[in-house]
Amino acid sequence: MNPAPHPRSAPGLPGRRGLLGGLLAGAALAAVPALAAPAHAGARPAPAPAGSRATRPLLLGTYTSEGGGGTGIGTAAYDTGTGAITPGPVITGVENPSYLAPHPSGATVYAVAEQGAGAVTAVAIGPAGTYEVLGSRPTGGSGPTHLSVHPSGRWLLSANYTSGSVAVHPIAEDGSLGERTDLVTHSSPPPGPGQGGPHAHQIVTSPDGGHVLAVDLGTDTVYTYRLDASAGTLTEVSRAALTPGSGPRHLAFHPGGRFAYLACELDNTMVVCAYDPATGALTPGPGQSTGTGSGVSYPAQPVVTGDGAYVYLANRGHNSLTRYAVEGDGAVLRLLDTVPVGGDWPRQLALSPDSSLLFAANQRSSTVTVFGVGPDGSLTGAGAPFPAPVAVCVLPLP
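About the criteria used
- For every chain, the first residue of the written sequence is number 1, and numbering continues from 1 onward in sequence order.
- In keeping with the model being predicted, local features are shown solely for residues with a pLDDT of at least 70 and side-chain atom pairs are shown and tallied solely at 80 or more, while totals for entire chains, interfaces and linings include all residues.
- Hydrogens and waters are ignored; side-chain quantities use all the structure's heavy atoms.
- Each pair of strands is called paired provided DSSP finds at least two bridges between the two strands.
- The helix and strand labels rest on DSSP assignments: H or I over at least four residues marks a helix, E over at least two residues marks a strand, and numbering proceeds from the N terminus.
- Axes here mean lines fitted to C-alpha atoms, for a helix over just the part in contact, with angles spanning 0 to 180 degrees between N-to-C directions.
- In this scheme, a residue with accessible area under 20% of its type's maximum is buried, one over 50% is exposed, and one in between is partly exposed, where area comes from a 1.4 Å probe on protein chains only.
- Asp and Glu count as negative and Lys and Arg as positive, but His and the ends of the chain are not part of the count.
- Any carboxyl oxygen of Asp or Glu within 4 Å of a side-chain nitrogen of Lys or Arg constitutes a salt bridge here.
- Distance and chemistry together define a polar contact, namely a pair of N or O atoms within 3.5 Å, with one atom able to donate a hydrogen and the other to accept it when in protein, and with adjacent residues in sequence counting only for side-chain atoms on both sides.
- Whether two residues touch is decided by their heavy atoms; if any such pair falls within 4.5 Å, the residues are in contact.
- Think of a 1 Å grid over just the protein atoms. A cavity is a set of points where a 1.4 Å probe fits yet cannot get out, a pocket is an open set with protein on both sides within 12 Å along at least five of seven lines, and lining residues have an atom within 4 Å of a point.
- Grid points are joined across faces, edges and corners, and a volume is the space filled by probe spheres set on the points.
- Three residue categories are used. Nonpolar comprises Ala, Val, Leu, Ile, Met, Phe, Trp, Tyr, Cys and Pro, charged comprises Asp, Glu, Lys and Arg, and polar comprises the others, including Gly.
- pLDDT measures the predictor's confidence residue by residue and takes values from 0 up to 100.
- The nonpolar core is taken to be a set of buried Ala, Val, Leu, Ile, Met, Phe, Trp, Tyr and Cys residues, with the residues joined through side-chain atoms within 4.5 Å.
- When the centres of two rings from Phe, Tyr and Trp lie within 6.5 Å, Trp using its six-membered ring, the rings pair. Their planes under 30 degrees apart give stacked, over 60 give edge-to-face, and anything left gives tilted.

Asker: Is there a simple way to explain the sheet that holds strand 6 (residues 119–125) in this structure?
Answerer: Two modes of strand pairing occur in sheets, parallel and antiparallel, and in both the strands are linked by backbone hydrogen bonds. Strand order in the open sheet made by the 4 strands is 4-5-6-7, with antiparallel pairing throughout. A single partner strand is all that each edge strand has here, and the edge strands are strand 4 (100–102) and strand 7 (131–138). Strand-to-strand twist of the sheet, defined as the mean angle between neighbouring strand axes without regard to direction, takes the value 20 degrees. Pairing of strand 6 with strand 7, which is carried by 7 bridges, proceeds in the antiparallel orientation. Of the residues in strand 7, the one forming a bridge with Val-120 is Arg-137.

Asker: I tried to follow the side chain of Asp-216 on my own but got confused; where do I start?
Answerer: With respect to the secondary-structure elements, Asp-216 resides in strand 13 (residues 212–216). Comment: no salt bridge for buried Asp-216; closest opposite-charge side chain is Arg-239, at 10 Å. Within the structure, the side chain of Asp-216 is placed 3.0 Å from the backbone nitrogen of Thr-219, a separation counted as a polar contact. Those residues in contact with Asp-216 that lie beyond four places of it in its chain are Gly-164, His-186, Pro-198, His-199, Ala-200, His-201, Thr-221, Tyr-223 and Pro-248.

Asker: Even after reading the chapter, I still don't get the layout of surface pockets, so can you show me in this structure?
Answerer: Over the atoms, a rolled probe matching the size of one water molecule traces out where space is still vacant. A volume near 1400 Å³ is recorded for the largest pocket. Forming the walls of the largest pocket are 45 residues, and the residues nearest its centre are Tyr-99, Pro-102, Val-204, Gln-301 and Leu-395. At the level of secondary structure, the elements contributing two or more residues to the lining of the largest pocket comprise strand 4, strand 8 (144–149), strand 12 (200–205), strand 16 (248–253), strand 20 (299–304), strand 24 (346–351) and strand 29 (393–396). Partitioned by chemical class, the residues of the lining of the largest pocket number 28 nonpolar, 16 polar and 1 charged.

Asker: Is there a simple way to think about the sheet that holds strand 11 (residues 182–185) in this case?
Answerer: Here 4 strands make up an open sheet; going across it, the order is 8-9-10-11 and the pairing antiparallel. The sheet is open, and its two borders are formed by strand 8 and strand 11, each paired with just one other strand. Sheet twist, expressed as the mean angle between neighbouring strand axes with direction ignored, is 15 degrees. When strand 8 meets strand 9 (residues 155–160), the two strands line up antiparallel, connected through 5 bridges. Bridging from a neighbouring strand, Val-149 pairs with Leu-156 of strand 9.

Asker: Sorry if this is basic, but what is going on with the confidence of the model for the protein chain here?
Answerer: Low pLDDT means the predicted coordinates in that region are not meant to be read closely. Across the protein chain, pLDDT averages 88, with 86% of residues at or above 70. Counted against residues more than four places away or in other chains, residues 1–52, with its pLDDT under 50, gives 109 contacts.

Asker: Where do I start with unusual backbone geometry in this structure?
Answerer: Most peptide bonds are trans, and most residues other than glycine sit at a negative phi. For the peptide bond that leads from Ser-188 to Pro-189, omega is 0 degrees, which places it in the cis range. Mapped onto the elements of the fold, Pro-189 is located in the loop between strand 11 and strand 12. Phi at Asn-319 takes a positive value of approximately 50 degrees, unusual for a residue other than glycine. Along the polypeptide, Asn-319 turns up in the loop between strand 21 (310–315) and strand 22 (320–327).

Asker: So what exactly am I meant to see when it comes to the nonpolar core here?
Answerer: Across soluble globular proteins, nonpolar side chains show a tendency to be buried alongside one another. Formed by 25 residues in total, the largest nonpolar core has its most connected members in Leu-59, Ile-73, Leu-100, Tyr-110, Leu-147 and Leu-156. Every element with two or more residues in this core is listed here: strand 4, strand 5 (108–113), strand 6, strand 7, strand 8 and strand 29. Leave out the neighbours within four places in its chain, and Leu-59 touches Ile-73, Gly-74, Thr-75, Leu-100, Val-109, Tyr-131, Cys-393, Val-394, Leu-395 and Leu-397.

Asker: I would appreciate a short explanation of the pairing of strand 18 (residues 269–275) in the present structure.
Answerer: Note on strand geometry: in a regular strand, side chains alternate between the two faces of the sheet. Counting buried positions along strand 18 yields 6 of 7 residues, so the element is predominantly enclosed. Examined bridge by bridge, strand 17 (residues 259–264) and strand 18 share 6 bridges and lie antiparallel to one another. Along strand 18, the bridge assignment pairs Tyr-261 with Val-272. Taken together, strand 17 and the strand that follows it, strand 18, pair antiparallel across an intervening segment of 4 residues, in which Asn-268 is found at a positive phi of about 60 degrees. For strand 18 and strand 19 (residues 282–289), the ladder comprises 6 bridges, and the chain directions are antiparallel.

Asker: Teacher, can you tell me more about the packing of aromatic side chains here?
Answerer: Both the distance between ring centres and the angle between the ring planes are used here to describe each pair of aromatic rings. In this structure the tally under the stated criterion is 4 aromatic pairs. When the centroid spacing of 5.1 Å and the interplanar angle of 75 degrees are considered together, the rings of Tyr-78 and Phe-359 count as edge-to-face. Taken as a pair, Tyr-78 in strand 2 (residues 73–79) and Phe-359 in strand 25 (residues 357–362) lie far apart in primary sequence, 281 residues in all. Per residue, the accessibility class of Tyr-78 equals that of Phe-359, and both read buried. Measuring from ring centre to ring centre gives 5.3 Å for Phe-253 and Tyr-275, while their planes differ by 80 degrees; the resulting arrangement is edge-to-face. Here Phe-253 is found in strand 16, whereas its partner Tyr-275 is found in strand 18, with 22 residues between them in sequence. Exposure remark for Tyr-275: the relative accessible area of 2% places this residue in the buried category.

This is the structure we're talking about:
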């Protein structure tokens, strides 16, 4: 049988790369002044008085190039008790911010510019919750789709999907970005079935901080690198081969640091991987069911509760969330059930800092849905979907 069509090239699907095809390849990002908005609209929500419900800031990633899409990074606030979301102004001057990541200090957030001339942008968060775009740097590749900050706070790591490469940028004291210090292209192994080349989809640091892992959907491989903390360069130390044609997309570590859960979007599986902190080696187990039945539902992203007890997985084609119980100190996932996500094409998930709320960014329905997370890991819908143009990333901040 021929492999299932990739969700970015299949007829009728709003593939991210297809959406960006009209962009000028040489388009560049420019820094813009601080967001001008009324204080009550742009301000970061202040802590609530004791005994009352608190609100926390929420940022929203989107595509600015799609007709009827977003115009920048959306800002909002969410009620930590009910999950209700209140809209705020938009941080403009940021092109196609399809993925967002915070600095450990909480003073800066970073966004990819998912376009032909890939870039990463730094946005400062002021003491009063105002936002200021600090500027952008090219990633050296095309279609960056993921980024993360090294736990040291000194390096920004990004993954260029279209060109199949990963990049490193230094982070200055004020949160701004310096010139790229490294760019590594995944030149081997050969692309998997149906893939035209490498497609780096995620780059994260292991919980122990000793290694950087890059998930490549195109080569069905997870690469492990050691980051030189002085030079900002990557040296490959290990690679894990997944089933050919499985399309590994995103992984999430168990808080114990010895296991990771990898979503494979093309063969509709979840894979438990053992991780060796000493060597950086990732050892994948067999693919497990996502509970979505026959066919391909393009699983997107797993998230793990802070206590490591439950894992949730977004299924785009099935429009559902899979719930797993974690057993064996992280070594085993037990499928519990699936829950309708209440939107269309859930692209990304995020848990609130205390894991009491789960947010889903639904790309096709342009909504964010919120769920309360029970002590038993059960999910309960929290209010009506929140309208958010082409919602592809949701980031609840502490």
